[in-house]
Amino acid sequence: MSGRTDQLIRELTRDVAPVRRLPRLGQVALGVVGTAALLIAISLALAWTRGQPLVKPELLPHDLLGVLGHLVLAGGALGLGLASCIPGRERTQRAGLWGLAAGAALTLTATTVVLVTWVPGAVGIPFLRGTGWCTLTAVVPALVPAVMLALFAGRGAPARPLLTLACGAVATVGFATLPGHLGCLREGSLHTLLGHMLVPVSGGLLVLGLMRLLYRPSLPPVRR
């Protein structure tokens, strides 16, 4: 009887792929943040070699609020995105959602300060070039950690893959906005809004497109 049972088990499991362990969420988060920090440091070093200041002479309240808001926003989005890849991590998802909401509130406050203290600036080719450049300086360092998150999501089982990837895009770009907040010397409130405050959304959409192309689910989504 035991021999037949063993043979039946072997036949049933013959074509079953071995289980692959996912790394711990803390390890993935640390890898993403560490990679983002390294790429941001390289970006700052390149800017310094071109003679650009790493921190501008006068930091305004909206600059500091923008830094704080985007860091909190990125941390919350990262926690929510990673936790949503693994069923049963509802507590971590809730914590990430609260962080995301707090970061959005801080960013909204910084945006309100910019609107209240509006400084007009010329809108033309130099404005478009400068705003596009500041957006790219946040998007480019976000690409590698975004790829890491897309690959991790593909190995997991997110219930809403697009939402998971969107959180990853907001997180990686949110971290990468730090140099722009601290060092950008371009004037004008419209540039501050489009080139810095709203970049986790505008730049995040660009990064989301790449992540969506790279996302290849190995498991069907878990519906709740």
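Bear in mind the structure is a predicted one, so any value in this text is a computation, not a measurement.

Here is what the cut-offs are and how they apply
For every chain, the first residue of the written sequence is number 1, and numbering continues from 1 along that sequence. This being a predicted model, a pLDDT of at least 70 is required before a residue's local features are given, and a value of 80 or more before pairs of side-chain atoms are given or counted; all residues contribute to the totals for chains, interfaces and linings. Side-chain figures throughout are based on the complete set of non-hydrogen atoms in the structure, without hydrogens or water. Strands here are runs of E lasting at least two residues and helices are runs of H or I lasting at least four, both read from the DSSP assignment and numbered beginning at the N terminus. Each accessible area is a Shrake-Rupley estimate made with a 1.4 Å probe; only the visible protein chains count as cover when residues are assessed. The span you would expect from a helix comes to 1.5 Å times its residue count less one. The buried label applies to any residue whose accessible area, calculated with a 1.4 Å probe on protein chains only, is under 20% of its type's maximum; exposed applies above 50%, and partly exposed to all values in between. Residues enter patches when they are more than 30% accessible in relative terms and free of salt bridges; like-charged ones are connected within 9 Å and nonpolar ones (Val, Leu, Ile, Met, Phe, Trp, Tyr) within 5 Å. Just to be clear on terms, a salt bridge is a Lys or Arg side-chain nitrogen sitting within 4 Å of an Asp or Glu carboxyl oxygen. The criterion is simple. A nonpolar core is a set of buried Ala, Val, Leu, Ile, Met, Phe, Trp, Tyr and Cys residues joined through side-chain atoms within 4.5 Å. When checking whether two residues touch, look at their non-hydrogen atoms; a contact exists if any pair is within 4.5 Å. Whenever a nitrogen or oxygen atom comes within 3.5 Å of another N or O atom, the pair is scored as a polar contact, on the condition that within protein one atom can donate a hydrogen and the other can accept it, and that pairs from neighbouring residues in sequence are kept only if both atoms are in side chains. Here an axis means a line fitted to C-alpha atoms, over the contact stretch when the element is a helix, while the angle between two N-to-C directions is reported on a 0 to 180 degree scale. Any angle between 65 and 115 degrees counts as roughly perpendicular, while under 35 counts as roughly parallel, over 145 as roughly antiparallel, and the rest as oblique. Here a crossing is taken to be left-handed if its near helix is turned anticlockwise relative to the far helix by less than a right angle, and right-handed if that turn runs clockwise. Note on residue classes: Ala, Val, Leu, Ile, Met, Phe, Trp, Tyr, Cys and Pro are nonpolar, Asp, Glu, Lys and Arg are charged, and everything else, Gly too, is polar. Whenever a pair of cysteine sulfur atoms sits within 2.5 Å, that pair is classed as a disulfide.

Right, let's get into the overall build of the protein chain. Counting its regular elements, the protein chain contains 9 helices and 0 strands. Carbon and sulfur atoms make up 70% of the accessible area of the protein chain, which totals about 12900 Å².

A few words on helix 2 (residues 25-49). Taking 1.5 Å as the rise per residue, helix 2 with 25 residues should run 36 Å; its terminal C-alpha atoms sit 36 Å apart, in good agreement. Listing the buried residues of helix 2 in full gives L25, V28, V32, A36, I40 and A47. Positive backbone phi, approximately 85°, marks G51, located one or two places after helix 2.

The subject of this paragraph is a nonpolar patch on the surface. Together, W48, L54, V55, L59 and L64 make up an exposed nonpolar region whose accessible area comes to about 480 Å². Mapped onto the elements of the fold, L54 is located in the loop between helix 2 and helix 3 (61-83).

Before going further, it helps to examine the nonpolar core. The biggest cluster of nonpolar side chains holds 34 residues, and the ones touching the most others in it are L78, L82, F152, L165, V207 and M211. The set of elements that each furnish at least two residues to this core consists of helix 2, helix 3, helix 5 (125-155), helix 6 (161-176) and helix 9 (199-214). Contact partners of M211, with chain neighbours within four places excluded, come to A146, L149, A150, L165, G168 and A169.

Right, let's talk about the side chain of H70 for a bit. Among the structural elements, H70 can be located in helix 3. For H70, the side chain forms a polar contact with the side chain of T177, separated by 3.0 Å. A polar contact is formed between the side chain of H70 and the backbone oxygen of M197, at a distance of 3.0 Å.

In contact at an axis separation of 8 Å, helix 3 and helix 6 are set at 150° when each is read in the N-to-C sense. If you check the angle between helix 3 and helix 6, you find them roughly antiparallel. Considering how the two elements wind past one another, helix 3 and helix 6 form a crossing that is left-handed. On helix 6, the residues that touch H70, L71, L73, A74, G75, A77, L78, L80 and G81 of helix 3 are T164, C167, V170, A171, G174 and F175. The residue inventory of the contact of helix 3 with helix 6, partitioned by class, reads 10 nonpolar, 5 polar and no charged.

Once that is clear, we can look at the state of the cysteines. For the structure shown, the criterion picks out 0 disulfides. Note on C85: no disulfide assigned, nearest cysteine sulfur contributed by C167 at a separation of 9.5 Å. Residue C85 is classed as buried on the basis of its relative accessible area, which comes to 2%. In this model C184 remains outside any disulfide bridge; the closest cysteine sulfur is found in C134, 3.8 Å from its own.

The next point concerns the packing of helix 4 (residues 90-116) against helix 8 (residues 189-197). Contact geometry of helix 4 with helix 8 gives a least axis separation of 9 Å together with a crossing angle of 160°. Compared by their axis directions, helix 4 and helix 8 come out roughly antiparallel. Where helix 4 crosses over helix 8, the two elements pack in a sense that is left-handed. Counting all contacts with helix 4, which are made through T107, A110, T111, V114 and L115, the residues of helix 8 involved are S189, T192, L193 and M197. Grouping the constituent residues of the contact of helix 4 with helix 8 by class yields 5 nonpolar, 4 polar and no charged.

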